[in-house]
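Chain and residue survey
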Amino acid sequence: REELSELLAATGKAREELSELLAATGKAREELSELPAATGKAALLRRKADEKRRVNDSDRNYVVGSECWYLIDSAWLSDWRAFVGDGDDGEMLDGLPPGPVSNSRLLLADGKTPRQGLVKGRDYRGVNKQVWTLFQTTYGGGPAIVRRELDIYEPRVDDASAPPSPATP
């Protein structure tokens, strides 16, 4: 009987130790499962900072010589700015990328003619070819709305015939 009591006590202690080990293993699994999320978040923050830096390095509020403006829907640009944390406080939020550049709101069904009543700043903004190319490489979308003047109602310029922007120093 004494041996049986000792065996039962040892079994109970082994069960306790096994429960503690399983709990520790579960906690370790939980911590490991959080690791990809943390790594993904760090990569996303690096991506946001890199995009913001590259656009800021290339962006200008003027074009030179025969360069053209690439017009972008202000709503899409606001979504991009929110994504990279280009708001009033510069904080990078956990938001998602804005998706493909979408200029369809600016154009009629033919994809070329501007809708009536659009206002520069409120409805669209202009970027140079370098910034447009960065957005296209990263997000795709469009269509390209190319103008010599920062005015959507000016004559169209074919994207293929638009001269390249000079490299940013």
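First, a word on scope: everything that follows refers to the structure included in this document. (Residues numbered from 1 in each chain as written. Predicted model: local features only at pLDDT ≥ 70, side-chain atom pairs only at ≥ 80, totals over all residues. Heavy atoms only, no water.)

Turning our attention to the sheet that holds strand β5 (residues 145-147). Spatial ordering of the open sheet is given by β3-β1-β5, a layout of 3 strands whose pairing is antiparallel. The open sheet has two edge strands with one neighbour each: β3 (124-127) and β5. For this sheet, the mean angle separating the axes of adjacent strands, direction not counted, is 35°. Summarising the sheet, strand β1 (residues 69-73) and β3 pair through 4 bridges and their orientation is antiparallel. Bridge pairing links tyrosine 70 to valine 127 in β3. Sheet strands touched by helix α2 (residues 74-84): β1 and β3. Its angle to β1, the strand with the most contacts, is close to 80°. (Pairing = 2+ DSSP bridges. Helix = DSSP H or I, 4+ residues; strand = E, 2+ residues; numbered from the N terminus. Axes fitted to C-alpha atoms, helices over the stretch in contact; angles between N-to-C directions. Contact = heavy atoms within 4.5 Å.)

The final tally for this structure, using the stated rule, is 8 salt bridges. Among the salt bridges present, the one from arginine 53 reaches aspartate 50, with a minimum N-O distance of 2.6 Å. Residue arginine 53 and its partner aspartate 50 are located together in helix α1 (residues 2-58), separated by 3 residues, close to a single helical turn. In this structure, the salt-bridge partner of arginine 105 is aspartate 123, at a minimum N-O distance of 3.6 Å. Taken as a pair, arginine 105 in the loop between β2 (101-102) and β3 and aspartate 123 in the loop between β2 and β3 lie far apart in primary sequence, 18 residues in all. A cluster of three or more residues bridged by salt bridges with shared partners is formed by Asp50, Arg53, Arg54 and Asp57. (Salt bridge = Lys/Arg side-chain N within 4 Å of Asp/Glu carboxyl O.)

Let's shift gears to the packing of aromatic side chains. Under the counting rule described, the total for this entry stands at 4 aromatic pairs. Between tryptophan 76 and phenylalanine 135, the aromatic rings sit 4.9 Å apart at their centres with planes inclined by 75°, giving edge-to-face as the arrangement. Taken as a pair, tryptophan 76 in helix α2 and phenylalanine 135 in helix α3 (residues 129-139) lie far apart in primary sequence, 59 residues in all. Grouping residues by exposure puts tryptophan 76 and phenylalanine 135 together as buried. Aromatic side chains tryptophan 80 and phenylalanine 135 sit 5.2 Å apart centroid to centroid with 70° between the ring planes, which places their arrangement in the edge-to-face category. (Phe/Tyr/Trp six-rings, centres within 6.5 Å; stacked < 30°, edge-to-face > 60°. Buried < 20%, exposed > 50% of the residue type's maximum accessible area, 1.4 Å probe, protein only.)

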